[in-house]
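The chain contents come next:
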Amino acid sequence: MLNTLKGMLMTLRTSLRKPVTAQYPKEHLPLMERQVGFPALTWDADVGEPYCVGCMVCVRMCPTQCMSGTMMDNPLHAEGKSPRRKMIEEFEINLGRCILCGICVEVCNFDAIEMSHEHEISHYARDGRRSDLPVLLEMGKKYQAESNWISPAERKAALAAEKAAAVVEAPAAAAEETKDTPDSDTSAATAEETKDANAPAGEGTKAEPTEEAK
Ligand code: SF4
Ligand code: SF4
């Protein structure tokens, strides 16, 4: 009987509760920062070109072989405007075949590819999501703007600054430690000596009263 009442109470409470279901696709819940969407290529705004140098490491490592690309000489490097000798000429990812494993991001040495927040890319055609270089770069730019993306140069500068600070701090801390240690020993010894010198004569060597004195 009691359990029946408890069950009815639970049903009543649930039926009066405000619904928590989002009516997708009309309603979209906010995405978390760590949301993993489809891969996108990042854009170097300082130079005005993709970070991708077309090394093809990601293409070779992709388990579903949904990526392809070609490399070319970078004209901006010849003009002294870019640090990259080579750059990507054409790039394509068939996002319909991508399994969002993130291996391409892991193997890229240039932070040129990131798992963006893009996830709503369904298409009626089987190959409808073959995304070329401009599309992938647009996705990347959007992701860079939305997230707290740090460029490789900024990351390198921050690491160098951290290392430099650690190098400066380490000897200073060691010197401070060395300075503190003998001082404290000396002061302890001095205090001990002072205590001894001020002690009344005979203190510390107090003898037990003899039988006669008693
Ligand atoms: S996330 Fe995985 S499957 Fe998708 S393109 Fe990158 S390596 Fe290929
Ligand atoms: S995204 Fe990275 S790994 Fe892939 S081709 Fe470009 S530079 Fe190479």
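Refer to the structure printed above.
The shown structure was predicted, so the numbers you read here are calculated from the model rather than taken from an experiment. (Residues numbered from 1 in each chain as written. Chains lettered and ligands numbered in written order. Predicted model: local features only at pLDDT ≥ 70, side-chain atom pairs only at ≥ 80, totals over all residues.)

**Q** Quick rundown of the overall build of the protein chain? Include the residues and the values.
**A** Assigned secondary structure in the protein chain consists of six helices and seven strands. Start at the N end of the protein chain and walk to the C end: the helices and strands fall as α-β-β-β-α-β-α-β-α-β-β-α-α. For the protein chain, the proportion of contacts with a sequence separation of at least 24, taken over those separated by at least 6, is 73%. (Helix = DSSP H or I, 4+ residues; strand = E, 2+ residues; numbered from the N terminus. Contact = placed C-beta atoms within 7 Å.)

**Q** Can you explain the site of ligand 1? Please cite residues and give values.
**A** In the vicinity of ligand 1 there are 14 residues, among which C62, C98, C101, I103 and C104 approach most closely. Tallied by class, the residues present in the shell around ligand 1 amount to twelve nonpolar, two polar and no charged. (Near = placed C-beta within 6 Å. Nonpolar A, V, L, I, M, F, W, Y, C, P; charged D, E, K, R; others polar.)

**Q** Outline helix α5 (residues 133-146), supporting the account with residue identities and numerical values.
**A** For α5, which comprises 14 residues, the first-to-last C-alpha distance of 20 Å matches the rise-based estimate of 20 Å (1.5 Å per residue) to within 8%. Among all positions of α5, only L136, L137, M139, G140 and Y143 are buried. Viewed along the axis of α5, the buried residues span an arc of 160 degrees, placing them on a single side of the element. In α5, those exposed residues whose orientation departs by more than 90 degrees from the buried face are P134, A145 and E146. (Expected span 1.5 Å × (residues − 1). Buried ≥ 20, exposed ≤ 12 C-beta atoms within 10 Å, placed from the backbone. Arc of directions from axis to C-beta.)

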